[in-house]
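Topology and contacts: notes
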Amino acid sequence: MNDPSRRTVILSMAALTAGAAGTAVATNQTDKRYLVHHALFWLKRPGSREDRERLIAGLKTLRQIDAIRELHIGVPANTEQRDVVDASFDVSEVMLFDDEAAQSAYQKHPVHRKFVEDCSSLWQKVVVYDAIDV
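Here's a quick rundown of the structure. (Residues numbered from 1 in each chain as written. Predicted model: local features only at pLDDT ≥ 70, side-chain atom pairs only at ≥ 80, totals over all residues. Heavy atoms only, no water.)

**Observations concerning the pattern of salt bridges**
For the coordinates displayed, the defined rule picks out four salt bridges. Here Arg45 makes a salt bridge to Asp51, at a shortest N to O gap of 2.8 Å. Accessibility expressed as a relative area gives 48% for Arg45, which makes it partly exposed. Of the residues examined, Asp51 reaches a relative accessible area of 6% and is grouped as buried. (Salt bridge = Lys/Arg side-chain N within 4 Å of Asp/Glu carboxyl O. Buried < 20%, exposed > 50% of the residue type's maximum accessible area, 1.4 Å probe, protein only.)

Right under this line is the structure:
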């Protein structure tokens, strides 16, 4: 898949993921809308189980931040390989926030800053998708 097409697929996947997460939550709380923050991480050493586990452990520390309503940490699923599926990342995290202000507070939170300080040496690339419910 060429690079522009790959980017389109990744952006579409993120939007669908964000929409699905928001819809799942919205059905439980009919009027509540969330900001979905989805980060995909590519490790500097992709085959390193140790680095992956260190990154996952670092992400788990973010659960201490009150502004985060939900946090899902995952790795690529062993699902059917299709042109629209990008499983090239090593670790994924999806967070739900009440709004942009809560997401901004998360970005400035000391626990988040410590996570970045402690774990940024592990990844070569991070892509973030932020989407707000409509």
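Picking up after the structure, the text goes on.
**A word on the side chain of Asp133**
Within the secondary structure, Asp133 is located in the segment after strand 4 (123-132). The charged side chain of Asp133 is buried without a salt bridge, its nearest counter-charge being Arg33 at 5.7 Å. Within polar-contact distance, the side chain of Asp133 engages the backbone nitrogen of Tyr34 at 2.9 Å. (Helix = DSSP H or I, 4+ residues; strand = E, 2+ residues; numbered from the N terminus. Lys, Arg positive; Asp, Glu negative; His and termini not counted. Polar contact = N/O pair within 3.5 Å; in protein donor to acceptor, adjacent residues only side chain to side chain.)

**Quick word on the sheet that holds strand 2 (residues 68-74)**
The antiparallel open sheet is built from four strands, whose spatial order is 2-3-1-4. Pairing within the sheet leaves two strands with one partner each, and these edge strands are strand 2 and strand 4. Adjacent strand axes in the sheet meet at a mean angle of 15°, parallel and antiparallel pairs treated alike. Pairing of strand 1 (residues 35-43) with strand 4 involves nine bridges; the strand directions are antiparallel. Each bridged residue has a counterpart across the sheet, and for Ala39 the counterpart in strand 4 is Val128. (Pairing = 2+ DSSP bridges. Axes fitted to C-alpha atoms, helices over the stretch in contact; angles between N-to-C directions.)

**Here's the deal with the packing of helix 2 (residues 49-61) against helix 4 (residues 110-119)**
Where helix 2 contacts helix 4, the axes come no closer than 9 Å and their chain directions differ by 170°. Classified by the interaxial angle, the pair formed by helix 2 and helix 4 is roughly antiparallel. Taken together, the residues of helix 4 that come into contact with helix 2 (itself represented by Arg54, Leu55, Gly58, Leu59 and Thr61) are Val111, Phe115, Asp118 and Cys119. Among the residues forming the contact of helix 2 with helix 4, the class breakdown is five nonpolar, two polar and two charged. (Parallel < 35°, antiparallel > 145°, perpendicular 65-115°, else oblique. Contact = heavy atoms within 4.5 Å. Nonpolar A, V, L, I, M, F, W, Y, C, P; charged D, E, K, R; others polar.)

**Quick look at the pairing of strand 1**
Among the nine residues in strand 1, nine count as buried, and that is most of the element. Every second residue of strand 1 is oriented toward a common face, with Leu35, His37, Ala39, Phe41 and Leu43 on one face and Val36, His38, Leu40 and Trp42 on the other, all of them buried.

**What about helix 4?**
Listed in full, the buried residues belonging to helix 4 are Val111, His112, Phe115 and Cys119. Looking straight down helix 4, one finds its buried side chains confined to an arc of 100°; they lie on one side. Opposite the packed face of helix 4, turned more than 90 degrees from it, sit the exposed residues Pro110, Arg113 and Glu117. (Arc of directions from axis to C-beta.)

**Observations regarding the side chain of Asp90**
Counting through the fold element by element, Asp90 comes out in the loop between strand 2 and strand 3 (91-97). For the buried Asp90, which has no salt bridge, the nearest side chain bearing the opposite charge is Arg52, at an N-O separation of 6.9 Å. Reaching out from Asp90, the side chain makes a polar contact with the backbone nitrogen of Leu43 at a distance of 2.7 Å. Residues within four places of Asp90 in sequence aside, it is in contact with Phe41, Trp42, Leu43, Pro46, Arg52, Gly74, Val75 and Pro76.

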